[in-house]
Amino acid sequence: MTRLYISNDTSAVAAGADRLVRAWTREPDIEIVRTSSRGAFFLEPMVERDTKDGRIAWCNVQPHDLPGILAGEGGTPVDRIPFLAQQTRVTFASFGVTRPLSFDDYVAHGGWKGLERARALPPDAVIRELKVSGLRGRGGAAFPVWNKWLVAKDTPADRKYVVANADEGDAGTYCDRMVMEGEPFRLIEGMLICARAIGADRGYIYCRQEYPTAARVLREAIREAELRGLFAHDHGRFHLEVFVGAGSYVCGEETALLDSLEGGRGVVRAKPPYPAVSGLHGKPTIVSNVLTFATVPSILARGGEWHASLGTERSRGTIPLQIGGRVKQPGLAEIPFGATLGEVIERFGGGMAAGARLKAVQVGGPLGSLFPASGLGIRICYDAFAEAGAILGHGGIVVYDDETDMVELARHFMAFTADESCGKCTPCRIGSVRGREILERIQAGRGGQGDLDLLADLGETMKTASLCALGGRAPYPVLTAIEHFGTEFRRGVRGERHEE
Ligand code: SF4
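All figures in this text were calculated on a predicted structure; none of them were measured in a lab.

Caption draft 1: Structural detail: the side chain of Arg208. As for its placement among the helices and strands, Arg208 is situated in the loop between strand S7 (202–207) and helix H11 (212–227). From its side chain, Arg208 meets the backbone oxygen of Glu168 in a polar contact 3.1 Å long. Setting aside residues up to four positions removed in sequence, Arg208 forms contacts with Ala166, Asp167, Glu168, Gly169 and Val244.

What follows is the structure in structure tokens.
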């Protein structure tokens, strides 16, 4: 019997993984094992086989390739695929190897060791370990995780909550989905460690509705973890459930997410009080991104100092970068913080797709700044991005080629904010609509003298007077597009001279 490993991840399925399984399922002497994905999406569908020297992979496989695979012709040792060999995988170390819902696979690859240690330590010691690790929230704000946990732990309450923010809505990001679909026990383990540290007995995973597979896998994993007794703790039982949101981008903001979880419309709340003090139903609540929780088990299992030894001085550990757009090799690359944007695009993205020339790069989703090629030297860490007036966000890198219309791109992002604004504050609610109108005027060649100044003024107001990052960050893609590609905007202004 030959055992073949094929990923079950949504992206692998979209690339044709299910087609292979359907075609080969009745072949004699073959066992097909569905695993998580290695994140090398440009190589999917990928088929792997065990050998005594490790797994061998066949890439971009078609159903008719089976005889060659069975005969062992061709194939590349997985650990020699450059895209994978150059990474430092911690959170994603067993992706592509294990079966997502196999409790035994998870245990065999070090699962639950972090929780075991956390349960052997007093809560303060767990939080101290996180402080030593230097872990900062991976969802965008990059706030030190230990600090939030300490506040929630020290706030007296009859009930506390742990909430995973799985409303992954940034363009070009998918690492949360990969965790949920590929290693759901890792997210559950991180949440249980948090619950133990702060004294919570209820948890929710707030999953975006566009991720039905992730929600299903999580529910099955929760059931399995419950059956295995993982939710029993000192004060009774931990209760964890999946909540599927209604598809609003602003619900990725923690307080809007909590409103939605309480059954209301997702509207941003003014802070303070912060959720760690008064969150869900007014109780202390830790809201963290999926990736943040998924990083915690390794920190507890291997120690805070080990985590702090990776990365840069103020951005510790590794970051899974999701590289997409007009590159040769779209996929997920987990590396320590500190490489430059250009290195990542070249080494992992494989450079530009055939015939394409780089025009701009955007990191951090629809609110991220647009860099021209001169920005490729920027280091991937929170501080370098903050200094450049940009955000690292959720680590999504989208590369645009020279055919991209920057005015349309700017209009698209402003229209996105106008659509997604929760409407609570005027600069965002009205400003985004006026911004979109000005850009449409420019796009139609009817821009007035001073429209670019007007966009700059509007941008300043939105940046300084918006209540949350949606309105506050919305002007960045527009203003950086005008800064670096101003000629394209001036073409749409009547009476403006522009140089080609
Ligand atoms: S900035 Fe926009 S999304 Fe945020 S609170 Fe104000 S209106 Fe709502």
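Caption draft 2: Fine view of the pattern of salt bridges. One pass over the full model with this rule turns up 33 salt bridges. The partner of Glu262 in a salt bridge is Arg269, and the shortest N-O contact between them spans 3.1 Å. According to the relative accessible area criterion, Arg269 is partly exposed, its value standing at 22%. Several salt bridges share partner residues, and in doing so they unite Arg38, Glu48, Asp50 and Arg55 into one network.

Caption draft 3: Looking closely at the sheet that holds strand S10 (residues 239–244). Here we have 4 strands laid out as an open sheet, ordered S10-S7-S6-S11, and parallel in their pairing. Looking at which strands have only one partner, the edges of the open sheet turn out to be S10 and strand S11 (285–289). Here the average twist between neighbouring strands, direction ignored, is 20 degrees. As judged from the 5 bridges shared by strand S6 (residues 161–166) and S11, these two strands associate in the parallel manner. If you follow Val163 over to S11, its bridge partner there is Val287. The strands that helix H10 (residues 184–198) touches are S6, S7, S10 and S11; relative to S6, the one it contacts most, it runs at about 150 degrees.

Caption draft 4: Spatial organisation of the sheet that holds strand S4 (residues 56–58). Read across the open sheet, the 5 strands follow the order S2-S1-S3-S4-S5; overall the sheet is mixed. The open sheet has two edge strands, strand S2 (30–35) and strand S5 (76–77), and neither has a second partner. Two elements, S4 and S5, share 2 bridges in a ladder whose sense is antiparallel. Across the sheet, Ala57 pairs through a bridge with Thr76, a residue of S5. Here helix H2 (residues 17–24) sits on the sheet and contacts strand S1 (2–7), S2 and strand S3 (47–49); the angle it forms with S1, its principal contact strand, is near 150 degrees.

Caption draft 5: Geometry of the environment of Pro275. Here Pro275 shows up in the loop between helix H12 (254–261) and S11. When near neighbours in sequence (up to four residues on either side) are disregarded, Pro275 contacts Glu254, Thr255, Leu258, Lys283, Pro284, Thr285 and Val287.

Caption draft 6: Region of the structure containing the pairing of strand S13 (residues 331–336). Burial analysis of S13 places 5 of its 6 residues in the buried class, the great majority of the element. The sheet contact formed by strand S12 (residues 318–325) and S13 spans 6 bridges and is antiparallel. Bridging from a neighbouring strand, Leu321 pairs with Ala333 of S13. With antiparallel pairing between neighbouring strands as the criterion, S12 and S13 make up a hairpin whose turn holds 5 residues.

Caption draft 7: Structural context of H12. Where burial is concerned, most of H12 is hidden: 8 out of the 8 residues are buried. For H12, every residue scored as buried is listed here: Glu254, Thr255, Ala256, Leu257, Leu258, Asp259, Ser260 and Leu261. The inward-facing, buried residues of H12 contact helix H8 (145–154), S6, S7, S10 and S11. Taken from the residues just after H12, Gly263 is the one with a positive phi, measuring 100 degrees.

Caption draft 8: Structural detail: helix H13 (residues 290–302). Most of H13 sits inside the fold, with 11 of its 13 residues counted as buried. Restricting attention to buried positions, one finds in H13 the residues Val290, Leu291, Thr292, Phe293, Ala294, Thr295, Val296, Pro297, Ser298, Ile299 and Leu300. The opening residue of H13 is Asn289, an N-cap whose side-chain oxygen sits 2.8 Å from the backbone nitrogen of Leu291. Remark: Gly303 follows H13 within two positions and exhibits a positive phi of approximately 100 degrees.

Conventions we followed
Residues numbered from 1 in each chain as written. Predicted model: local features only at pLDDT ≥ 70, side-chain atom pairs only at ≥ 80, totals over all residues. Heavy atoms only, no water. Helix = DSSP H or I, 4+ residues; strand = E, 2+ residues; numbered from the N terminus. Polar contact = N/O pair within 3.5 Å; in protein donor to acceptor, adjacent residues only side chain to side chain. Contact = heavy atoms within 4.5 Å. Salt bridge = Lys/Arg side-chain N within 4 Å of Asp/Glu carboxyl O. Buried < 20%, exposed > 50% of the residue type's maximum accessible area, 1.4 Å probe, protein only. Pairing = 2+ DSSP bridges. Axes fitted to C-alpha atoms, helices over the stretch in contact; angles between N-to-C directions.

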